[in-house]
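Observations on the model geometry
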Amino acid sequence: MAGGLAVAPSAGGVEFEAKITPIVIISCVMAATGGLMFGYDVGVSGGVTSMPAFLKKFFPPVYRRSELGERDSNYCKYDNQGLQLFTSSLYLAALTATFFASYTTRRLGRRLTMLIAGVFFIVGVILNAAAQEIGMLIAGRILLGCGVGFANQAVPVFLSEIAPTRIRGGLNILFQLNVTIGILFANLVNYGTAKIEGGWGWRLSLGLAGIPAGLLTIGALLVVDTPNSLIERGKLEEGKAVLRKIRGTDNIEPEYLELVEASRVAKEIKHPFRNLLQRKNRPQLIIAVALQFFQQFTGINAIMFYAPVLFSTLGFKNDASLYSAVITGAVNVLSTVVSIYSVDKLGRRVLLLEAGVQMFLAQVVIAIVLGFKVTDTSDNLSSGYAILVVIMICTFVSAFAWSWGPLGWLIPSETFPLETRSAGQSVTVCINMLFTFVIGQAFLSMLCHFKFGIFLFFSGWVLIMSIFVLFLVPETKNIPIEEMTDRVWRKHWLWKRFMDDDEYVKDDDLAKKNGSQL
């Protein structure tokens, strides 16, 4: 793959030459380990919160309901605000941290921001693994959340900027692939540590997060910063040298000049967040916000956070619930690989729309099975129905993993222009973390009150978001990042109305005037 040549035409007809060089692949793999840490944090909490020793130490009321049978309803045995805060506090911290990460990404560079994320992760892991009381536990999760905020801000932008246009989608999805691998790794760890005698397995589960945290930190020390970032910070010659190195060719002048011009325009923007609200930037902002909202209201994180808890609620025994979580984690990884190979061939819209149909049908089937077979007092599914539920959850997870999971991050990272990219990514991460927090904090309570209807609730949102994609999300595959305005937004039936045509009108008038003089 190192010898492949990617040639992308620019708006002016100039071709950007770019080999798929080893340094690009290595840099992207290193940067994407931020997703590994994020995924591990997502996956580990559900397994840990289903371990009796962990519940007995930190959440005795839940322990009594889940292990000793002191409950009114099977759907309500894990309903506890403190338990939900253990999971969701990470995302509330990430929401806050992303605003600081926007500043460091812009002023200090993408690479240094990833390094800061790694340090937050390492300190958070130490606090969690050594926790003696709930305050220490929550503090560790908050520091992990700060790491998530910095990593999710910097990594997708880094990947989009360093990758050649032809494979930008696939390389960007490495971040999401690492998220799914992290979730699977966490599920496997939880399955093993739950069997450890003495009840300290949960400490090992939380402590092993230090592996991806260390990988991200080392990776951030080894990678180069992006040419976009270096040029944006006035390091023109260094940016040019890095661009030559990552593209594997000396013919980088056209792309370099376009990056310099984009940087010049970006520097004229004194208030990037305020600039996001300008009319010409509304299409990108609306789509970025909507994608993050819809991504969370598919219900995916309700399953990923609480998979063992959810399966336990449905009547699976502890081993069976953790084993089922491992199966869904494996499906998640394999389906994300499908996305890497298909996103730059089939395009973004096809994957989003196909997955919408698949997720909707899977959730409706799950709701029907649970509605008839799981009651407040009876939670033992027969083996046939239990297998059907696992298959339908895997069907749902697979669709999300090759569509809304990776594309929810890819599309915003590649559609914002340079002058609003850092601010736009910050808003994207913020909205995602906000609604991840909402789902994480509310799901077990919603399960208690909605019962099987929770899956109908999420399926309704899947239907709405599919309609949104059909009419309002344009195709962005194989379009250079700096040319989105001309080749995407100005050609869309609705969003073209938001584009300011004053400069183009002036250019046309000047051309006509010159033509008449000739």
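Residues numbered from 1 in each chain as written. Predicted model: local features only at pLDDT ≥ 70, side-chain atom pairs only at ≥ 80, totals over all residues. Heavy atoms only, no water.

Per an unreviewed UniProt entry, the protein is named Major facilitator superfamily (MFS) profile domain-containing protein, and its organism is Centaurea solstitialis. The Subcellular location (unreviewed entry) comment attached to the protein in UniProt states, word for word, "Membrane". (UniProt positions renumbered as here; feature names shortened; annotations may be inferred.)

1. Details of the overall build of the protein
A count of helices and strands for the protein gives 24 helices and two strands. The C-alpha radius of gyration of the protein comes to 24 Å, within 12% of the 24 Å expected for a compact globule of 518 residues. In terms of overall dimensions, the protein has a C-alpha envelope of 90 × 45 × 40 Å along the principal axes. In the protein, 79% of the contacts between residues at least 6 apart in sequence involve partners at least 24 apart. A total accessible area of about 19600 Å² is found for the protein, and carbon and sulfur atoms account for 66% of it. The protein carries 45 positive and 38 negative side-chain charges, and their two centres are separated by 3 Å. (Helix = DSSP H or I, 4+ residues; strand = E, 2+ residues; numbered from the N terminus. Rg over C-alpha atoms; globule rule 2.2 N^0.38 Å. Contact = heavy atoms within 4.5 Å. Areas by Shrake-Rupley, 256 points an atom, 1.4 Å probe, with all protein chains shown as cover. Lys, Arg positive; Asp, Glu negative; His and termini not counted. Charge placed at Lys NZ, Arg CZ, Asp CG, Glu CD.)

2. A closer look at the environment of Leu184
With respect to the secondary-structure elements, Leu184 resides in helix 8 (residues 168-193). Expressed as a C-alpha distance, the spacing of Leu184 and Val473, which sit 289 residues apart in the sequence, is 31 Å. Beyond its immediate stretch of four places on either side in the chain, Leu184 contacts Val326, Gly329, Ala330 and Val333.

3. What to know about helix 19 (residues 383-401)
The terminal C-alpha atoms of helix 19 lie 26 Å apart, and with 19 residues this matches the ideal 27 Å at 1.5 Å per residue to within 8%. Taken together, the buried positions of helix 19 are occupied by Ala386, Val389, Val390, Met392, Ile393, Cys394, Phe396, Val397, Ser398, Ala399, Phe400 and Ala401. (Expected span 1.5 Å × (residues − 1). Buried < 20%, exposed > 50% of the residue type's maximum accessible area, 1.4 Å probe, protein only.)

4. Let's talk about the pattern of salt bridges
Summed over all chains, the structure comprises twelve salt bridges. A salt bridge links Glu253 to Lys240; its shortest N-O distance comes to 3.2 Å. Taken together, the residues span a long stretch of sequence, with Glu253 in helix 13 (residues 253-267) and Lys240 in helix 12 (residues 236-247) at a distance of 13 residues. Classification of Glu253 by relative accessible area gives partly exposed; the value is 35%. Ionic pairing is found between Glu414 and Arg348, a salt bridge with its closest N-O pair at 2.9 Å. With Glu414 in helix 20 (residues 404-415) and Arg348 in helix 18 (residues 348-373), the pair connects residues that are 66 residues apart, well separated along the chain. The network of salt bridges with common partners includes Arg110, Glu161, Glu232 and Arg421. (Salt bridge = Lys/Arg side-chain N within 4 Å of Asp/Glu carboxyl O.)

5. Brief notes about the packing of helix 7 (residues 134-162) against helix 8
Put simply, helix 7 and helix 8 touch, their axes get as near as 8 Å, and they point 155° apart. As far as their axial angle goes, helix 8 and helix 7 are roughly antiparallel. Read as a crossing pair, helix 7 and helix 8 show a hand that is right-handed. Of the residues in helix 8, those touching helix 7 at Asn152, Val155, Pro156, Leu159 and Ser160 are Arg168, Leu171, Asn172 and Phe175. Within the contact of helix 7 with helix 8, the residues separate by chemical class into five nonpolar, three polar and one charged. (Axes fitted to C-alpha atoms, helices over the stretch in contact; angles between N-to-C directions. Parallel < 35°, antiparallel > 145°, perpendicular 65-115°, else oblique. Left-handed = near helix turned anticlockwise from the far one by under 90°. Nonpolar A, V, L, I, M, F, W, Y, C, P; charged D, E, K, R; others polar.)

6. Concerning the environment of Asn301
You can see Asn301 is positioned in helix 16 (residues 300-313). Its relative accessible area of 12% is what places Asn301 among the buried residues. For Asn301 and Val42, which are 259 residues apart along the polypeptide, the C-alpha to C-alpha distance reads 8.0 Å. Setting aside anything within four residues of it in sequence, one finds Asn301 in contact with Val42, Gln296, Tyr306 and Thr436. A polar side-chain atom of Asn301 sits 2.6 Å from a polar atom in the side chain of Gln296. (Polar contact = N/O pair within 3.5 Å; in protein donor to acceptor, adjacent residues only side chain to side chain.)

7. So, a nonpolar patch on the surface
On the surface, Leu463, Ile467, Leu470, Phe471 and Trp493 cluster together to form a nonpolar patch covering roughly 520 Å² of accessible area. With respect to the helices and strands, the residue Phe471 is situated in helix 22 (residues 453-472). (Patch = residues over 30% accessible without salt bridge, like charges linked within 9 Å, V, L, I, M, F, W, Y side chains within 5 Å.)

8. Quick look at the nonpolar core
Counting 156 residues, the largest nonpolar core has Phe54, Phe121, Met359, Trp404, Met433 and Phe443 as its most contacted members. Apart from the residues within four sequence positions on either side, Phe443 is in contact with Gln84, Ala302, Tyr306, Leu310, Ile454 and Phe458. (Core = buried A, V, L, I, M, F, W, Y, C linked by side-chain atoms within 4.5 Å.)

9. Considerations on the state of the cysteines
A complete count under the given rule lists one disulfide for this structure. One disulfide bridge connects Cys76 with Cys448, the sulfur atoms lying 1.9 Å from each other. On the S-S bond that ties Cys76 to Cys448, the torsion sits near 85°, and the link is right-handed. In this pair, Cys76 is assigned in the loop between helix 4 (60-67) and helix 5 (81-107) and Cys448 in helix 21 (residues 418-450), connecting sequence segments 372 residues apart. Here the two residues Cys76 and Cys448 agree in accessibility, since each one is buried. Free of any disulfide, Cys146 has its nearest neighbouring cysteine sulfur in Cys430, separated by 13 Å. Judged by relative accessible area, Cys146 falls into the buried class, the value being 17%. (Disulfide = S-S within 2.5 Å.)

10. Some words on the packing of helix 5 against helix 6 (residues 110-129)
Orientation of helix 5 relative to helix 6, taken along the N-to-C sense of each, is 140°, at an axis distance of 6 Å. In terms of axis orientation, helix 5 runs oblique to helix 6. When helix 5 is examined against helix 6, the residues Ala101, Thr104, Thr105 and Arg106 are found in contact with a partner set consisting of Arg110, Thr113 and Ile116. Classifying every residue of the contact of helix 5 with helix 6 gives two nonpolar, three polar and two charged.

11. Concerning the side chain of Thr87
Here Thr87 lies in helix 5. The exposure class of Thr87 is buried, given its relative accessible area of 0%. The residues contacting Thr87, other than those within four sequence positions of it, are Ser45, Arg141, Phe305 and Tyr306.

12. Some words on the packing of aromatic side chains
Enumeration according to the criterion identifies 23 aromatic pairs in this entry. Aromatic pair Phe293 and Phe297: ring centres 4.6 Å apart, planes at 20°, arrangement stacked. The same class applies to Phe293 as to Phe297, namely buried. In textbook terms, an aromatic cluster arises when at least three aromatic residues are bridged by ring pairs, as seen for Phe293, Phe294, Phe297, Trp404, Phe435, Phe450, Phe457, Phe458, Trp461 and Phe468. Cation over ring: Lys57 sits above Phe58, and NZ or CZ is 5.7 Å from the ring centre. Geometry around Phe498 places Arg279 over its ring, the cationic atom sitting 4.7 Å from the centre. (Phe/Tyr/Trp six-rings, centres within 6.5 Å; stacked < 30°, edge-to-face > 60°. Lys NZ or Arg CZ within 6 Å of the ring centre and 35° of its normal.)

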